[in-house]
Amino acid sequence: MSGCPIANRQPFLGSNALIGAARALFRTAAIALIALFIGYQTPGASARQQLSREELQADITEAYDFLKRYHPNLTAHKTRKELDELYNRIIDSVRQESSTEQALITLSELVGAVCDAHTTLSIRSSVNTVRSSGWPWYRLPLFVQSRKLYLEASGGETKEEVISINDVMGADIASALAGRNSGDGCLDDSTLFVAERMPLNAYVVGEMIGYSGPYAVKSRPSDSGNARVYAVKAVNHYTTLSHRARFKQAQYNQMKISLFVEDFERQIVGADADRARLDYRFSESRNMAYLRVGSFESRRTAEKGIEIVMRDIIDKKPDALVIDLVDNPGGRIITAQFLMAFLLPRAHRLVSKTYVRNSSNKRTTNFRFFDEEAKNVSRSDVKFFRRLKSKNGVRTANIRKRSFGKPDYKGPIYVLLSPQSHSAALHVAVNLKRLRNAKIVGGVTATDTVTSCIRAYGKFTLKNSRIQLFVPERCYSHQQNRFNDEYTLVPDIEISLLDGPSGELNALIFEAALDDFDASRAN
């Protein structure tokens, strides 16, 4: 063995030894963080798990039992008979051992049928959550529209309908994706992005076409009837990160250019405003306000930023207000209510009924709350709902109209949405459409205007796969104002993913709202 004998080694003394030890510790920590970030396992982590047929079937049964026991509105969109039939079919389809990713895909067919965006599954720590190579998601973006799979060539100018990838039909890939992505209603769940940052989508596509290239792609350009065949190289995780950064930067730059060209200048909203989530601008030439709310997650955004912004907008008396929720994933209802207090009638209600299935503190030991706040909210719910009568295991409360504030701004409102807008962002859009006749611009995925749920307060961990199942504790019913025959939120001005480069989608939606405003003012 090389190196000095143990007897001749110096004792651990002095600054050099301390510095060396610190460097070694830093290297170890850095390697562990990088490994965790890119999805590799560190030494000592559990190996990739293979589930037997019986283990996966047991997890499917456990997940369905959790849903039946705890979901407040399980049969809002599918009958119990339909769900039972789906459950039996999925159980029968399991015929061999499965990886954790395959288990996630199988379970997602059942969970996706609930048609609730807050009822979801997730793989955590014990397995690789991101493959090290695969489809070049951001160089050749994939998306589903009208049950067809499309890819977008570099630059985004050419849209191609995918006929097949590695002899797997594009329509089959689109159908498999749409059937596993929960939405608020699943009534029109056919427009969605397919990205590596959405692990379920990546796993579905990867299991169907393989996790490594080259990929044999057969596609048809949208402006031509002639199919073409070519090879696409797989990329590693580092290249994916680089492509993603460039994609997001291009998206940001294009929107910044549009705001500058259209004479929208950033306003000073005060030191307490959360600028990471709020972007407030004003156009003097149009007398028009623009407010982008990136997320409703932060209560600070509500208490500080939104009030400062809305007071300034009210003082300026704009002829129209654009609320940009294109990339808004949702967040806290209280933050959304704070914004709408400046826009809705003095006495109004965001929902007409709220209901829960479980009104006790007794839960399976497999349940864990997100945080202490979630636990406190749940305790408050228990006290409130215990006073109500239970019917078929569900306790329902009618919500009275309340005075949330004064509608200080009474002018026209445009709400910008995309398939990336979810949860509280859609609550805002539905209520502004219903109570203020706001114009919805952009694209919307699976938005039911009658029933929906809020985020889960906790999660269940399935016994064998260790996959986490998120189930909401409370659901809502809205007043049934008929937007259309299917009770869905359909944009007044629809911008399709086929209309332009996906990296310019935000700017395209914004420009469409401006064009409509200019046309209405001219008339």
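Residues numbered from 1 in each chain as written. Predicted model: local features only at pLDDT ≥ 70, side-chain atom pairs only at ≥ 80, totals over all residues. Heavy atoms only, no water.

Enquirer: How should I be thinking about the environment of Leu110 in this particular structure?
Expert: With respect to the secondary-structure elements, Leu110 resides in helix α4 (residues 100–112). The buried category is assigned to Leu110, whose relative accessible area is 2%. Taking the C-alpha atoms as reference points, Leu110 and Leu83, 27 residues apart in sequence, are found 7.8 Å from one another. If near-sequence neighbours (up to four positions away) are discounted, Leu110 is found in contact with Ile60, Tyr64, Leu86, Tyr87 and Ile90. (Helix = DSSP H or I, 4+ residues; strand = E, 2+ residues; numbered from the N terminus. Buried < 20%, exposed > 50% of the residue type's maximum accessible area, 1.4 Å probe, protein only. Contact = heavy atoms within 4.5 Å.)

Enquirer: I would appreciate a short explanation of the pairing of strand β14 (residues 278–283) in the present structure.
Expert: Put simply, side chains in a regular strand alternate between the two faces of the sheet. With respect to burial, β14 is a largely interior element, six of its six residues being buried. Burial of β14 is two-sided: the residues Leu278, Tyr280 and Phe282 facing one way and the residues Asp279, Arg281 and Ser283 facing the other way are all buried. Taken together, the two bridges between strand β13 (residues 265–266) and β14 define a ladder with antiparallel strand orientation. If you follow Glu265 over to β14, its bridge partner there is Phe282. As paired strands, β14 and strand β15 (residues 288–293) are joined by six bridges and run antiparallel to one another. Across the sheet, Leu278 pairs through a bridge with Val293, a residue of β15. (Pairing = 2+ DSSP bridges.)

Enquirer: Please explain the packing of α4 against helix α6 (residues 199–209) as it appears in this structure.
Expert: The geometry of a pair of packed helices is captured by two quantities: the angle between their axes and the separation between those axes. Where α4 meets α6, the axes come as close as 10 Å, and the angle between the chain directions of the two elements is 105°. Looking at the two axes, α4 sits roughly perpendicular to α6. On α6, the residues that touch Glu101, Gln102, Leu104, Ile105 and Ser108 of α4 are Leu200, Tyr203, Val204 and Glu207. Among the residues making up the contact of α4 with α6, the classes are represented as five nonpolar, two polar and two charged. (Axes fitted to C-alpha atoms, helices over the stretch in contact; angles between N-to-C directions. Parallel < 35°, antiparallel > 145°, perpendicular 65-115°, else oblique. Nonpolar A, V, L, I, M, F, W, Y, C, P; charged D, E, K, R; others polar.)

Enquirer: Just checking my understanding: could you explain α4 for this structure?
Expert: Since the α-helix turns once every 3.6 residues, residues separated by three or four places project in the same direction. The end-to-end C-alpha distance of α4, which contains 13 residues, comes to 17 Å, matching closely the 18 Å that a straight helix rising 1.5 Å per residue would cover. Summarising burial for α4: 11 of the 13 residues are buried, a large majority. Those residues of α4 not exposed but buried are Thr100, Glu101, Ala103, Leu104, Ile105, Thr106, Leu107, Ser108, Leu110, Val111 and Gly112. (Expected span 1.5 Å × (residues − 1).)

Enquirer: What is the right way to look at the state of the cysteines in this model?
Expert: Working definition: the covalent bond between the sulfur atoms of two cysteines is a disulfide. Tallied over the full model, the rule gives one disulfide. Linked covalently through their sulfurs, Cys453 and Cys475 form a disulfide whose S-S length is 2.0 Å. Across the S-S bond linking Cys453 and Cys475, the dihedral sits near 80°, which makes this disulfide right-handed. Of the two residues, Cys453 sits in strand β25 (residues 451–453) while Cys475 sits in strand β28 (residues 474–477), which places them 22 residues apart along the sequence. Of the two residues, Cys453 and Cys475, both sit in the buried class. (Disulfide = S-S within 2.5 Å.)

Enquirer: Looking at this structure, how should I read the packing of aromatic side chains?
Expert: One pair of aromatic rings is described through two measures. These are the centre distance and the angle between the planes. Following the criterion strictly, the structure yields 12 aromatic pairs and no others. Judged by centre distance (6.1 Å) and plane angle (65°), the rings of Phe338 and Phe342 are edge-to-face. Put simply, the rings of Phe66, Tyr70, Phe367 and Phe460 touch in pairs and so form one group of aromatic residues. Over the ring of Phe282 we find Lys316; its NZ or CZ atom is 5.7 Å from the centre of that ring. (Phe/Tyr/Trp six-rings, centres within 6.5 Å; stacked < 30°, edge-to-face > 60°. Lys NZ or Arg CZ within 6 Å of the ring centre and 35° of its normal.)

Enquirer: Can you walk me through helix α9 (residues 333–340) in this structure?
Expert: Listing the buried residues of α9 in full gives Thr335, Ala336, Leu339 and Met340. Seen from one end, α9 has its buried residues packed into an arc of 135°, which puts them on one side. (Arc of directions from axis to C-beta.)

Enquirer: Looking at this structure, I do not really get unusual backbone geometry. What am I missing?
Expert: Across residues other than glycine, the phi torsion is negative in most instances, and most of the peptide bonds are trans. A cis geometry characterises the amide bond from Gly213 onward to Pro214, with omega recorded as 0°. Phi at Ser423 takes a positive value of approximately 55°, unusual for a residue other than glycine. Looking at the secondary structure, you find Ser423 in the loop between β23 (413–417) and α11 (424–436).

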